Amino acid sequence: MEVFHGNIVYSRSEKELAEYTDSYLAVENGVIEGIYPVLPDAFCNLPVTDFGEDVIIPAFSDLHVHAPQYPQRGLAMDELLSDWLSRYTFPLESKFADMTFARAVYDAFVEDLVRHGTFHAAVFGTIHPEATAYLLDRLEEKGLSAYVGKVNMDVNSPAFLCETVETSLRETERFLVQYSSNRKARPILTPRFAPCCSRELLRGLGELAKKYEVGVQTHLVESLWEKKTAMELFPQCTCDTEIYQQAGLLENGPVIGAHFIFPDPEDIYILKKHNGIAVQCPDATVSIIAGIMQTASLMEQGLRVCLGSDIAGGHRLGIFSQAGRAVQLSKVKSFYEAKENRSISFAEAFYMATKSGGSVFGKVGSLEKGYVFDALVIGGVSDPFLELTPAQKVERFCYLGETSHIHRRYLAGQEIGG
Ligand code: GUN
Ligand code: FE
């Protein structure tokens, strides 16, 4: 048993933060045993690690991030999705055929993920099996919880980034088989988005989903251009999400839909039916997509929503900064669109960043009893003029925070460097 002392904040529920001042958190074998305002007699002889004024929070979950786009952060942010992909992103991704390049980028990406306090992530690789396997191995080696996908694309893509259906399915199956026994970093099917996948390819992936009981991550109703193109290419489907449902891709594991900005009622119905999760990527959507998720109304409709960095559509890796941005965007959305009749609270954004996203990986994303102690210790965000509550310190961190404010990192109870 290990005991930590400090302030503690986590999400009790979608709308409510749990906040403890000057309290004790006990961890046994990497799992939280309980939180105590007063140290129980039974623990009195145990050493206590004291964090003083700092705040213990759950580590973050990033449910949509493109590891190969890490070198592209903050570039071409004045473009829109289609041009951004063809002019910048696709040429960059083609470089992952070169393992020397891939290793260097993926090593740096995984280090920076940890530095930003993201210990659980749904990650896109590229079409390249060897590079994507290297990425998965690095995440596994670090002990991070992850879903990692070899990207599939076989139509409407540049020749240097276009697979045949046969190669795409064969390499994907090999990838699934290779990692079928992994516990932490696991494979997931990753058709990039409907505009670059044929019906035949999606059908084949649906068969693999069933055979290997794996889930899917993709971009869903992310932009008006994407939605229109998807409907032209799949006229037999009534909405973007139905394309994946018809292919049998939503039955066997987590269903992770990135962006979900322009859903029809059928998209919401299908995603909810399959217990899918919609990922808001606040920075990315204002930069390359210019659309805002209806976060509050999706929550009201009972859909699971969480956060993603969408590096490099988004420019910042820290999910904490996306939590602050999600509140800002929700206000803009509710101000300009009558349908969105309220904006989300900071508590709701923090829930998206931690407990909601974490639920995709297991018992992570909270500090309740029974959860894995994947946690961060936040400090240096006090105010010289005002006494801040622990929850206010966390809120400030999500708006003004830097990685230097993460004073300590615990992964499954073990302290790790950043
Ligand atoms: N849609 C298809 N590919 C991508 C990508 O790499 N990033 C984003 N944000 N959207 C996409
Ligand atoms: Fe993306």
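Notes on the structure follow.

Here is what the cut-offs are and how they apply
Residues numbered from 1 in each chain as written. Chains lettered and ligands numbered in written order. Predicted model: local features only at pLDDT ≥ 70, side-chain atom pairs only at ≥ 80, totals over all residues. Heavy atoms only, no water. Donors = N, O, S within 2.8 Å, 3.2 Å for Na, K, Ca; no water. Tetrahedral: all angles 85-135°; square planar, octahedral: opposite > 155°, others 65-115°. Buried < 20%, exposed > 50% of the residue type's maximum accessible area, 1.4 Å probe, protein only. Pairing = 2+ DSSP bridges. Helix = DSSP H or I, 4+ residues; strand = E, 2+ residues; numbered from the N terminus. Axes fitted to C-alpha atoms, helices over the stretch in contact; angles between N-to-C directions. Parallel < 35°, antiparallel > 145°, perpendicular 65-115°, else oblique. Contact = heavy atoms within 4.5 Å. Nonpolar A, V, L, I, M, F, W, Y, C, P; charged D, E, K, R; others polar. Core = buried A, V, L, I, M, F, W, Y, C linked by side-chain atoms within 4.5 Å. Salt bridge = Lys/Arg side-chain N within 4 Å of Asp/Glu carboxyl O. Near = heavy atom within 4 Å. Polar contact = N/O pair within 3.5 Å; in protein donor to acceptor, adjacent residues only side chain to side chain. Areas by Shrake-Rupley, 256 points an atom, 1.4 Å probe, with all protein chains shown as cover.

1. Thoughts on the coordination of the iron ion (ligand 2)
At this site the iron ion (ligand 2) is bound by H64 (NE2), H66 (NE2), H219 (NE2) and D310 (OD), with donor distances of 2.1 to 2.3 Å. For the iron ion (ligand 2), the four donor atoms in the first shell make angles of 88 to 176° at the metal, a pattern classed as irregular. In this structure H64 comes out as buried when scored by relative accessible area, which is 1%.

2. Here's the deal with the sheet that holds strand β11 (residues 216-220)
Hydrogen bonding along the main chain pairs the strands of a sheet, whether they run parallel or antiparallel. The strand order β11-β12-β13-β14 describes an open sheet built from four strands, whose pairing is parallel. Either end of the sheet is taken by a strand with one partner, and the two such strands are β11 and β14 (304-307). Across the sheet, the axes of successive neighbouring strands diverge by a mean angle of 30°, strand direction being ignored. Bridge count for β11 against strand β12 (residues 255-259) is five bridges, and the pairing is parallel. Across the sheet, the residue bridging to Q217 is I256, located in β12.

3. Here's the deal with the packing of helix α11 (residues 319-336) against helix α13 (residues 390-400)
Two numbers describe how α11 lies on α13: the axes approach to 6 Å, and their chain directions differ by 90°. Relative to α13, α11 is oriented roughly perpendicular. Here F320, S321, A323, G324, V327 and Q328 of α11 come into contact with α13, specifically with F397, C398 and Y399. Taken together, the residues of the contact of α11 with α13 break down into six nonpolar, three polar and no charged.

4. A closer look at the nonpolar core
Generally speaking, soluble globular proteins have nonpolar side chains that are buried together. Formed by 110 residues in total, the largest nonpolar core has its most connected members in I57, F109, L139 and F260. Per-element accounting of this core gives the leading share, eight residues, to helix α2 (residues 99-115). Sequence-distant contacts of L139, defined by excluding residues within four places in its chain, comprise V110, L113, V123, L144, A146, V148 and A185. Among the nonpolar cores identified, the runner-up in size contains 16 residues, and Y10, L25, I56 and A375 belong to it.

5. Considerations on the pairing of strand β5 (residues 60-66)
For β5, the buried fraction is high: seven of the seven residues fall into the buried class. In terms of strand pairing, β5 meets strand β6 (residues 118-124) through five bridges, oriented parallel. Following the sheet pairing, F60 is matched in β6 by T118.

6. A few points about the pairing of strand β4 (residues 48-58)
Note that strand β1 (residues 2-13) and β4 share five bridges and pair parallel. What sits directly across from V3, in β4, is V48. In this sheet, strand β15 (residues 375-378) lies alongside β4 in antiparallel orientation, the contact comprising four bridges. Paired with P58 across the strands is A375, a residue of β15.

7. What to know about the pattern of salt bridges
Under the counting rule described, the total for this entry stands at 24 salt bridges. The closest approach of N and O atoms between K150 and E163, which form a salt bridge, is 2.5 Å. Taken together, the residues span a long stretch of sequence, with K150 in the loop between β7 (145-149) and β8 (151-152) and E163 in the loop between β8 and α4 (165-178) at a distance of 13 residues. The residues K150 and E163 share a single accessibility class, namely buried. Among the salt bridges present, the one from R396 reaches D383, with a minimum N-O distance of 3.0 Å. Here D383 lies in the loop between β15 and α13 and R396 lies in helix α13, a separation of 13 residues in the sequence.

8. Describing the site of ligand 1
Taken together, H66, Q69, L81, W84, L85, R192, F193, H219, E222, H259, I288 and D310 are the residues near ligand 1. Note that a nitrogen atom of ligand 1 is positioned 3.4 Å from one of the side-chain N or O atoms of H66. Between ligand 1 and H219, the relevant distance is 3.3 Å, taken from a nitrogen atom to a side-chain nitrogen or oxygen of the residue. In the complex, 100% of the free accessible area of ligand 1, which totals 280 Å², lies under the protein chains. It is helix α1 (residues 81-94) that contributes the most residues to the shell around ligand 1, three residues altogether.

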